Amino acid sequence: MNKLKKIAQTLDSIAKIIFYINIGAAILMLFIWILIFSEVLMDQNILREYLILTLGSVKVGIVPESAPSLTYTNTRFFLGTLLLFAVTLLFLYGVKIARKILKPMKEGLPFDESISKNLKNLGILTLIGGGIWSVAKVIIDTTTFYAYRVSELFRPEIITHVELSISLDTTFLVIAAVIFLLSYIFRYGAELQKLSDETL
């Protein structure tokens, strides 16, 4: 039991450090977003970034004439930053839930009723966060494909056709399922612990 307490305390300390690092990162991200969205930096820096098209591990340089419109550039930057900010907030909330799970373990109570409830909340958060990220990735890939007119970038005598293949990353569903399973196991353990305490 002492070993469990020590492990829980160590994990809680790590989670606490990660929590504050991410708060700092979120504040820094907001500060950078305000700076870049100012008119002075808008034309000089953001447009330069969007002259490079990333296709997986390959980066393709685009001539300024074929670069996406300023509307697309601004919208994508704004939504991308918003998405990153939302994911950071969800991650912070996830760390907070993880610390709630570790709290009774630090006190030597591995089958406290709150652990099962918090694991369930963590599973729901994983579904929400994973769903948002997967859908956003599909939207970004689709808009990028058409904004950069990818099909026109390749020589027709070499490339027969270019198409957009959309697929949702469902890894988060597996992770959420495992967390829900753990929630059930800990709930069952809590019930057994309660029966044992009543018997004594």
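Here's a quick rundown of the structure. Small disclaimer: the values here were computed from a predicted structure and weren't measured. (Residues numbered from 1 in each chain as written. Predicted model: local features only at pLDDT ≥ 70, side-chain atom pairs only at ≥ 80, totals over all residues. Heavy atoms only, no water.)

1. Considering the overall build of the protein
Reasoning step 1: Across its full length, the protein holds 5 helices and 2 strands.
Reasoning step 2: In the protein, the order of α-helices and β-strands from amino to carboxyl end is α-α-β-β-α-α-α.
Reasoning step 3: Burial statistics for the protein: of 200 residues in total, 28% are counted as buried.
Reasoning step 4: A fraction of 76% describes how many contacts in the protein between residues 6 or more apart in sequence connect residues 24 or more apart.
Reasoning step 5: For the protein, the accessible surface area stands at approximately 13,700 Å², while carbon and sulfur atoms represent 67% of it. (Helix = DSSP H or I, 4+ residues; strand = E, 2+ residues; numbered from the N terminus. Buried < 20%, exposed > 50% of the residue type's maximum accessible area, 1.4 Å probe, protein only. Contact = heavy atoms within 4.5 Å. Areas by Shrake-Rupley, 256 points an atom, 1.4 Å probe, with all protein chains shown as cover.)

2. A short note on the side chain of Asn118
Reasoning step 1: Along the chain, Asn118 turns up in helix α4 (residues 113–147).
Reasoning step 2: Look past the residues within four positions of Asn118 in its chain and what remains in contact with it is Ile97, Lys100 and Ile101.

3. Remarks on the packing of aromatic side chains
Reasoning step 1: Considering all chains together, one arrives at 3 aromatic pairs under this definition.
Reasoning step 2: An angle of 85° between the planes, with centres 5.2 Å apart, marks the rings of Phe145 and Tyr146 as edge-to-face.
Reasoning step 3: Assessed through its relative accessible area of 12%, Phe145 is described here as buried.
Reasoning step 4: Overall, the relative accessible area of 57% leaves Tyr146 in the exposed class. (Phe/Tyr/Trp six-rings, centres within 6.5 Å; stacked < 30°, edge-to-face > 60°.)

4. Brief notes about the side chain of Ser116
Reasoning step 1: By secondary structure assignment, the location of Ser116 is in helix α4.
Reasoning step 2: A relative accessible area of 8% places Ser116 in the buried class.
Reasoning step 3: Among residues more than four places away in sequence, those in contact with Ser116 are Ser183, Phe186 and Arg187.

5. Thoughts on the nonpolar core
Nonpolar side chains in soluble globular proteins tend to end up buried together.
Reasoning step 1: Listed in full, the 11 residues of the largest apolar core are Ala8, Ile97, Ile101, Leu102, Met105, Ile115, Leu119, Leu122, Leu125, Ile179 and Phe186.
Reasoning step 2: Mapped by element, the contributors of at least two residues to this core are α3 (70–106), α4 and α5 (171–199).
Reasoning step 3: With near-sequence residues (within four places) excluded, Ile115 lies in contact with Ile101, Pro104, Met105, Leu109, Pro110 and Phe186.
Reasoning step 4: Listed in part, the 7 residues of the second largest apolar core include Ile62, Tyr72, Tyr148 and Val150. (Core = buried A, V, L, I, M, F, W, Y, C linked by side-chain atoms within 4.5 Å.)

6. Observations regarding the environment of Leu125
Reasoning step 1: Inspection of the secondary structure puts Leu125 in helix α4.
Reasoning step 2: Considered as a pair, Leu125 and Leu90 are 35 residues apart in the sequence and their alpha carbons are 7.3 Å apart.
Reasoning step 3: The residues touching Leu125, leaving out its near neighbours within four places in the chain, are Leu90, Tyr93, Gly94 and Ile97.

7. Observations concerning α4
Reasoning step 1: The terminal C-alpha atoms of α4, which comprises 35 residues, lie 51 Å apart, in line with the 51 Å expected from a rise of 1.5 Å per residue.
Reasoning step 2: Two residues or fewer after α4 comes Arg149, characterised by a positive phi angle close to 50°. (Expected span 1.5 Å × (residues − 1).)

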